[in-house]
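Residues per chain are reported as follows:
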Amino acid sequence: MTKVYCYSKCTTCKKALKWLDDNKINYTVIDMKIDHPDEKTLRQLHKKSGLLLWKFFNTSGQLYREMELSKNLLDMSEDEMFKLLASDGMLVKRPLLVTDGRVIPGFKEEIWREAL
């Protein structure tokens, strides 16, 4: 089953959900702000993605900027990054697409089309 971690006020999330609907793809929405992934889940999603961990950070988000993570992130250990991501769903890049075979942070239509 396809899951999409989203934030209801995020325009990119709305665009991604519309794309899924338009392409008649069944999915479950998980509210990133209310039910964000915990550290164990993030570790599993990260491993499945094959991406660098910093790709899971919402670098355009207000909280990311307020915490000045662009200056501090590269000095953090992987454990510190996972704990930080798990602390607040607004730090996680969204939408976060999770399928049986892939995990994709962010929405790029061509990448989602290939994955689905």
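Placed above this text is the structure.
Here we summarise the structure given alongside this text. From a predicted model like this one, the values you see are computed outputs, not experimental measurements. (Residues numbered from 1 in each chain as written. Predicted model: local features only at pLDDT ≥ 70, side-chain atom pairs only at ≥ 80, totals over all residues. Heavy atoms only, no water.)

### Side note on the packing of aromatic side chains
One pair of aromatic rings is described through two measures. These are the centre distance and the angle between the planes. Throughout the structure, instances matching the rule amount to four aromatic pairs. Judged by centre distance (4.8 Å) and plane angle (85 degrees), the rings of Phe107 and Trp112 are edge-to-face. Trp112 shares its class with Phe107; the two are buried. Here a set of aromatic residues connected by ring pairs shows up, and it is made of Trp19, Phe107 and Trp112. (Phe/Tyr/Trp six-rings, centres within 6.5 Å; stacked < 30°, edge-to-face > 60°. Buried < 20%, exposed > 50% of the residue type's maximum accessible area, 1.4 Å probe, protein only.)

### A word on a nonpolar patch on the surface
A grouping of Leu52, Trp54 and Leu74 is seen on the molecular surface, where their side chains present a nonpolar patch of about 370 Å² in accessible area. Tracing the sequence through the fold places Trp54 in the loop between helix 2 (39-49) and helix 3 (62-66). We classify Trp54 as partly exposed; its relative accessible area is 39%. (Patch = residues over 30% accessible without salt bridge, like charges linked within 9 Å, V, L, I, M, F, W, Y side chains within 5 Å. Areas by Shrake-Rupley, 256 points an atom, 1.4 Å probe, with all protein chains shown as cover. Salt bridge = Lys/Arg side-chain N within 4 Å of Asp/Glu carboxyl O. Helix = DSSP H or I, 4+ residues; strand = E, 2+ residues; numbered from the N terminus.)

### Quick look at the pattern of salt bridges
Two side chains of opposite charge can pair, provided their charged atoms sit close to one another. Considering all chains together, one arrives at seven salt bridges under this definition. For the salt bridge of Lys18 with Asp22, the shortest nitrogen-to-oxygen distance reads 2.7 Å. Here Lys18 and its partner Asp22 are both found in helix 1 (residues 11-22), four residues apart, which amounts to about one turn of the helix. Assessed through its relative accessible area of 49%, Asp22 is described here as partly exposed. Taking the shortest distance from any N to any O, the salt bridge between Glu109 and Arg113 comes out at 2.5 Å. Taken together, the residues Glu109 and Arg113, both in helix 6 (residues 109-115) and four residues apart, mark about one turn of the helix. Relative accessible area serves as the criterion here: at 35%, Glu109 is assigned to the partly exposed category. By sharing partners, the salt bridges in this structure join Glu39, Arg43, Asp79 and Lys83 into a single network.

### As for the pairing of strand 1 (residues 3-6)
The sheet contact formed by strand 1 and strand 2 (residues 28-31) spans four bridges and is parallel. Along strand 2, the bridge assignment pairs Val4 with Val29. Traced from strand 1 through helix 1 to strand 2, the parallel crossover comes out right-handed. (Pairing = 2+ DSSP bridges. Right-handed = clockwise from strand over helix to strand, strands pointing away.)

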